[in-house]
Amino acid sequence: QASRLVELPYSSFDDDDDDDDTGEQDPGVWYPKPSPFSCCVRYLAFFWNLLFLLLGLLILAVGVWGLLTKSSLSGGERGAPLGSDPMLLFVLVGLVASAVSLAGCLGVLRANPCLLRFFLGALLVFGGLELLGGLLLLLLRRRLRDALRDLLLLCLLRYQDDPDLQFLVDEVQRSLQCCGLESYRDWESNLYFNCSSPGVQACGVPSSCCQEPLQGGSVPNAQCGFGALALGPAAAAALLHTGGCGAAVAAGLRGQAGAIAAGAVTLLLLEAVGALMALRVLRDITAG
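Conventions adopted
Residues numbered from 1 in each chain as written. Predicted model: local features only at pLDDT ≥ 70, side-chain atom pairs only at ≥ 80, totals over all residues. Heavy atoms only, no water. Disulfide = S-S within 2.5 Å. Helix = DSSP H or I, 4+ residues; strand = E, 2+ residues; numbered from the N terminus. Buried < 20%, exposed > 50% of the residue type's maximum accessible area, 1.4 Å probe, protein only. Patch = residues over 30% accessible without salt bridge, like charges linked within 9 Å, V, L, I, M, F, W, Y side chains within 5 Å. Areas by Shrake-Rupley, 256 points an atom, 1.4 Å probe, with all protein chains shown as cover. Salt bridge = Lys/Arg side-chain N within 4 Å of Asp/Glu carboxyl O. Contact = heavy atoms within 4.5 Å. Lys, Arg positive; Asp, Glu negative; His and termini not counted. Charge placed at Lys NZ, Arg CZ, Asp CG, Glu CD. Expected span 1.5 Å × (residues − 1). Arc of directions from axis to C-beta. Core = buried A, V, L, I, M, F, W, Y, C linked by side-chain atoms within 4.5 Å. UniProt positions renumbered as here; feature names shortened; annotations may be inferred.

(A) Representation of the state of the cysteines within the structure. Under the definition given, this model contains four disulfides. The side chain of Cys178 participates in a disulfide bridge whose partner is Cys245; the two sulfur atoms lie 2.0 Å from each other. Here the disulfide of Cys178 and Cys245 is right-handed, its torsion about the S-S bond being about 95°. Linking Cys178 in the loop between helix H6 (163–176) and strand E1 (214–215) with Cys245 in helix H8 (residues 245–255), this pair joins segments that are 67 residues apart in sequence. Considered together, Cys178 and Cys245 belong to a single accessibility category, that of buried residues. Disulfide connectivity for the protein chain, with bonded cysteines indexed by sequence position, reads 1-8, 2-5, 3-4, 6-7. Here Cys40 stays unpaired: no disulfide links it, and the sulfur of Cys39, its closest cysteine neighbor, is 8.7 Å away.

(B) Geometry of unusual backbone geometry. The phi angle at Ala111 is positive, at roughly 55°, despite the residue not being glycine. Within the secondary structure, Ala111 is located in the loop between helix H3 (86–109) and helix H4 (113–139). According to the relative accessible area criterion, Ala111 is buried, its value standing at 14%. Positive phi, close to 55°, is recorded for Gln177, a residue that is not glycine. Along the chain, the position of Gln177 falls in the loop between H6 and E1.

(C) Structural context of a nonpolar patch on the surface. The grouping of Leu55, Leu58, Val62, Leu89, Phe90 and Val93 at the surface amounts to a nonpolar patch, some 520 Å² of accessible area in total. Only helix H2 (36–74) and H3 provide two or more residues apiece to the nonpolar patch. Relative to the helices and strands, Leu89 resides in helix H3.

(D) Broad picture of the side chain of His241. With respect to the helices and strands, His241 occurs in the loop between helix H7 (233–239) and H8. Those residues in contact with His241, other than ones at most four positions away along the chain, are Gln177, Cys178, Cys179, Cys209, Cys210 and Gln211.

(E) Just a positive patch on the surface, in detail. A cluster of like positive charges, contributed by Arg141, Arg142, Arg145 and Arg254, occupies part of the molecular surface. Counting residues per element, the positive patch draws most heavily on helix H5 (residues 141–157), at three residues. Note on placement: Arg254 falls in helix H8.

(F) Highlighting the environment of Val169. Among the structural elements, Val169 can be located in helix H6. It is 7.2 Å that separates the C-alpha atoms of Val169 and Cys155, two residues lying 14 residues apart in sequence. The residues touching Val169, leaving out its near neighbours within four places in the chain, are Cys155, Tyr159 and Trp187.

(G) Looking closely at H6. Its 14 residues give H6 an end-to-end C-alpha distance of 20 Å, which sits within 8% of 20 Å, the value for a rise of 1.5 Å per residue. Within H6, burial applies to Leu165, Val169, Asp170 and Gln173. The buried residues of H6 occupy an angular sector of 130° when projected down its axis, which confines them to one face. For H6, the exposed residues lying more than 90 degrees away from the buried face are Phe167 and Ser175. Where H6 is buried, its residues contact H5 and H8. Positioned one or two residues after H6, Gln177 has a phi angle of 55°, which is positive.

(H) Representation of the nonpolar core. With 20 residues, the main nonpolar core has Cys179, Tyr184, Trp187, Val205, Cys209 and Leu240 as its most contacted residues. Among the elements that take part in this core, H5 stands out by supplying three residues, more than any other. Those residues within four positions of Val205 in sequence are excluded, and the remaining contacts are Cys179, Tyr184, Trp187, Phe193, Gly225, Ala228, Leu229 and Leu240. Core analysis: the second largest hydrophobic core is formed by 17 residues, Val108, Ala111, Ala122 and Ala275 among them.

(I) Main features of the UniProt feature "transmembrane region" (unreviewed entry) in the protein chain. Within this structure's numbering, the places UniProt gives as "transmembrane region" (unreviewed entry) are residues 46–68, 88–109, 115–140, 228–253 and 259–282. Secondary structure across residues 115–140 divides into 96% helix and 0% strand, with the first and last C-alpha atoms of the span separated by 37 Å. Note that residues 259–282 is 100% helix and 0% strand, and that its end C-alpha atoms are spaced 34 Å apart.

Listed below in structure tokens is the structure:
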């Protein structure tokens, strides 16, 4: 009887081990025989997330490169606060996109339900924020117009403080052939271009306001706007684009409303496709 008590557990454990050896599953496989459609969806979901991971890393690299370049150009002097730096937006967008896409890649590759649920939740949050932003654009158009005007005025006041902001203002003034917010006289509110300023730019405007910013057809003339605020209206009109950029930017946004809406819808569709593929992979994992 004592031998039976010893032998029975030994034989039962041996049988269990044999069953485990014959029925052991690879943790990377969802279930013994995945369908070809499931395998195709898994590969598509992986490459979809990989593409957005590379895009997020590219945006992150651009933001970090911009921050490092500006810090090296400033020579250690503090310019614009870091919280208001436009390059910080690239860094944040790149970090978020990279983290979410990496979670999707690893969730599909390792068949991890937790990572896939995190990925689906992030896509749901992004889609909700985009829909909420679209509704706010429709419902609060007047307030957003006033906010855009305040933003443009802030760009004029801080024109010399941030190289990115300076580049953006110059590109807008060149492309839209405008100057200032309402007119070229708005540049007098800037500390450096005010007529009471002791600098060489006093009573001037940026060269991007000039009708002919190039000297001799090829060399940029950075001094073409010097002293323009001291000229009369007729003389200034012969030298500068005197119209303001506020109305030009608003008209440009109205003209591009269709393209902006198409881009937003395309982004939502891409997110929906990614979510559907992740849902399919998650269903196959839980079914297995």
